[in-house]
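Below, each chain spelled out in residue letters.
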Amino acid sequence: MHTDDRSAMRAKFAPPTETPRHSGMSRRSLLATAALLITTTGATAKVVTKVLPWRPNEAYPVTPVVPGGWLFFTADEAAVVDAIIDRLIPADELGPGAKDSGVTTFIDRQLTGPYGGHDWLYMKGPFATNPLPTQGLQSPLTPRQQYRQGLAALAAYCKANFGGRSFVDLSGEDKDKLLAGMEKGDIKFEGFSSRMLFNAVHTNTMEGFFADPIYGGNKDMAGWKLIGFPGVRYDFRDVIDNPNKPYTLPPVSLQGQPAWGVR
């Protein structure tokens, strides 16, 4: 954040030194007396007055993902995603890779939820054509659209440039060269950004490999075991009581048992 931005934020939230001219309407009174909430369900809209447009302590409990089948991907799309993530995080002597850790299932389930439609993000323009790294994604396409259009563009590119073969059928060397070109944006898909597809799969692969297993990836907590992350264990008193000793307890998922009781 620039100095000017910090000054503006400080001035915005600083207590008033004098009675404002527009004292008849403060921000607090505005929030308390009139809030307009427009829902995106169909063409309906809802007006909320004299209350806040959310409930205190509202939470969204996680429904554990049950592996098996695909809810968003077609079988062919899932096979291509499997092949891509298997090159991004391959299995080796340190443990299973992204494919065996259920990352494709993680991505599939995320695309069917609010993330897949960017339901909770502001999706109106304008979108910067040359954004700063801090500006994040600048596209009207939702993740679901990015995957569907991007995988179709990748399939067409492979068919045209690799003798009719799909990405799945390429050698490991060809896959790596193609992915490297997509990462740099050097590979030109017809009507779609190869770099956008690479960034989407790469980002979601990292998330799926290290997110809590309750979301479908990180099977057997392979990602956490790889980096020594303890997970969400609630009691670290035994660790605090034994400083300068290696942490050897197994990681714990949001689903808890049976590792909750291991001390």
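Residues numbered from 1 in each chain as written. Predicted model: local features only at pLDDT ≥ 70, side-chain atom pairs only at ≥ 80, totals over all residues. Heavy atoms only, no water.

1. Some details on the side chain of T104
Line of reasoning, step 1. On the secondary structure map, T104 appears in helix α4 (residues 103-112).
Line of reasoning, step 2. Discounting residues that sit within four places of it in the chain, T104 has contacts with W70, F73, A78, V81, D82 and I85. (Helix = DSSP H or I, 4+ residues; strand = E, 2+ residues; numbered from the N terminus. Contact = heavy atoms within 4.5 Å.)

2. A word on the environment of T248
Line of reasoning, step 1. Inspection of the secondary structure assignment puts T248 in the segment after α10 (237-240).
Line of reasoning, step 2. Sequence separation of T248 and P230 is 18 residues, and the distance between their C-alpha atoms is 9.1 Å.

3. Here we look at the confidence of the model for the chain
Line of reasoning, step 1. Averaged over every residue, the pLDDT of the chain is 82; the share at 70 or more is 77%.
Line of reasoning, step 2. Scored below 50 in pLDDT, residues 1-43 makes 31 contacts in the model with residues more than four places away or belonging to other chains. (pLDDT = per-residue confidence, 0-100.)

4. Quick notes on the pattern of salt bridges
Pairing of side chains with opposite charge becomes possible as their charged atoms draw close.
Line of reasoning, step 1. For the structure shown, the criterion picks out five salt bridges.
Line of reasoning, step 2. Linking D176 and R87 is a salt bridge whose minimum nitrogen-to-oxygen distance equals 2.9 Å. Of this pair, D176 sits in helix α7 (residues 172-184) while R87 sits in helix α3 (residues 75-88), and the two are 89 residues apart along the sequence.
Line of reasoning, step 3. The residue D108 makes a salt bridge to R109 at a minimum N-O spacing of 2.7 Å.
Line of reasoning, step 4. Judged by relative accessible area, which is 12%, R109 ranks as buried. (Salt bridge = Lys/Arg side-chain N within 4 Å of Asp/Glu carboxyl O. Buried < 20%, exposed > 50% of the residue type's maximum accessible area, 1.4 Å probe, protein only.)

5. Re the packing of aromatic side chains
Line of reasoning, step 1. Under the defined criterion, the tally for this structure stands at six aromatic pairs.
Line of reasoning, step 2. With centroids separated by 5.0 Å and ring planes inclined at 85 degrees, the aromatic side chains of F209 and F210 adopt a geometry described as edge-to-face.
Line of reasoning, step 3. The exposure class of F209 is buried, given its relative accessible area of 1%.
Line of reasoning, step 4. When its relative accessible area of 32% is taken as the criterion, F210 is described as partly exposed.
Line of reasoning, step 5. Where W224 meets F229, the ring centres are 5.2 Å apart and the plane angle is 70 degrees; that geometry is what we call edge-to-face. (Phe/Tyr/Trp six-rings, centres within 6.5 Å; stacked < 30°, edge-to-face > 60°.)

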